Amino acid sequence: PSDYFLGFSSPGTQIWSRLRQAGLETQRIYALDTRKVMIKVRCPIDRLQDVAEALKLKLKTKSGEYVPFREDIISQFLPTDDGFVSREDDVDRVMSLFRSSERQKIIDFIIGSRIRDSGAEL
């Protein structure tokens, strides 16, 4: 989108494009001082699941034990009810498998990962 373009050499444009290339969704938000721009970052559910599986992130199962996340046994994990809002679904609130802290950990991992590993390298 052209409204994110701040010039080819602008650090803001480069950061935004790296985040988008890493599979993250971004939203531009102005600070009270309109000379500063913040970028709100969100990760789609399928990307969260892929990275959680690669990280072997341990989640609580319905039986009460913690096991590394795997997409093939997704129905065995206990959903959280922290009210995760998804823009890609028709429902307002989605029962997510990941708590807010786990989503933040995954997003931080993506942002810090190398570009060749599908990260943003920031």
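Conventions adopted
- Residues numbered from 1 in each chain as written.
- Predicted model: local features only at pLDDT ≥ 70, side-chain atom pairs only at ≥ 80, totals over all residues.
- Heavy atoms only, no water.
- Salt bridge = Lys/Arg side-chain N within 4 Å of Asp/Glu carboxyl O.
- Helix = DSSP H or I, 4+ residues; strand = E, 2+ residues; numbered from the N terminus.
- Buried < 20%, exposed > 50% of the residue type's maximum accessible area, 1.4 Å probe, protein only.
- Pairing = 2+ DSSP bridges.
- Patch = residues over 30% accessible without salt bridge, like charges linked within 9 Å, V, L, I, M, F, W, Y side chains within 5 Å.
- Areas by Shrake-Rupley, 256 points an atom, 1.4 Å probe, with all protein chains shown as cover.
- Lys, Arg positive; Asp, Glu negative; His and termini not counted.
- Charge placed at Lys NZ, Arg CZ, Asp CG, Glu CD.
- Expected span 1.5 Å × (residues − 1).
- Contact = heavy atoms within 4.5 Å.
- Phe/Tyr/Trp six-rings, centres within 6.5 Å; stacked < 30°, edge-to-face > 60°.

Trainee: Teacher, can you tell me more about the pattern of salt bridges here?
Mentor: Side chains bearing opposite charge may pair, as long as their charged atoms lie close to each other. In the structure shown here, the tally under the stated rule is four salt bridges. Of the charged contacts in the structure, one is a salt bridge between Arg42 and Glu25, with a shortest N-O distance of 2.7 Å. With a gap of 17 residues between them, Arg42 in strand S2 (residues 37-42) and Glu25 in strand S1 (residues 25-30) connect regions that are remote in the sequence. Note on Arg42: relative accessible area 13%, which makes it buried. Across the pair Asp72 and Arg70 runs a salt bridge, and its minimum N-O distance is 3.1 Å.

Trainee: Would you explain the pairing of S2 in this entry?
Mentor: Note on strand geometry: in a regular strand, side chains alternate between the two faces of the sheet. Of the pairings in the sheet, the one linking S1 to S2 comprises six bridges and is antiparallel in character. Looking at S2, one finds that Thr26 is bridged to Val41. In textbook terms, the turn of a hairpin is the stretch between consecutive antiparallel strands, and for S1 and S2 this stretch comprises six residues.

Trainee: Would you mind showing me how to read a negative patch on the surface here?
Mentor: Side chains of Asp46, Asp50, Glu53 and Glu71 sit close together on the surface and give a patch of like negative charge. In this fold, Glu53 is placed in helix H2 (residues 45-55). Overall, Glu53 belongs to the partly exposed group, its relative accessible area being 32%.

Trainee: Looking at this structure, how should I read helix H3 (residues 100-112)?
Mentor: Since one α-helical turn is 3.6 residues long, residues separated by three or four positions face the same way. Relative to the 18 Å expected for 13 residues at 1.5 Å per residue, H3 spans 18 Å between its end C-alpha atoms, a close match to the ideal helical length. Structurally, H3 contributes buried residues whose contacts are with S2, H2 and strand S3 (58-60).

Trainee: What am I meant to see in the packing of aromatic side chains here?
Mentor: The description of an aromatic ring pair rests on the distance of the ring centres and on the angle between the ring planes. Evaluated as defined, the whole model comprises two aromatic pairs. On the basis of an interplanar angle of 35° and a centroid distance of 5.4 Å, the ring pair of Phe69 and Phe77 is categorised as tilted. An aromatic cluster of at least three residues, connected via ring pairs, comprises Phe69, Phe77 and Phe98.

Trainee: In this structure, what is going on with H2? I would like to understand it.
Mentor: Buried within H2 are the following residues: Ile45, Arg47, Leu48, Gln49, Val51 and Ala52. Considering only its buried residues, H2 is in contact with H3. Just downstream of H2 lies Lys56, where phi reads positive at about 55°.

Trainee: How should I be thinking about a nonpolar patch on the surface in this particular structure?
Mentor: A cluster of nonpolar residues, Ile15, Ile39 and Leu122, forms a patch on the protein surface that exposes about 220 Å² of accessible area. The exposure class assigned to Leu122 is partly exposed, which follows from its relative accessible area of 46%.

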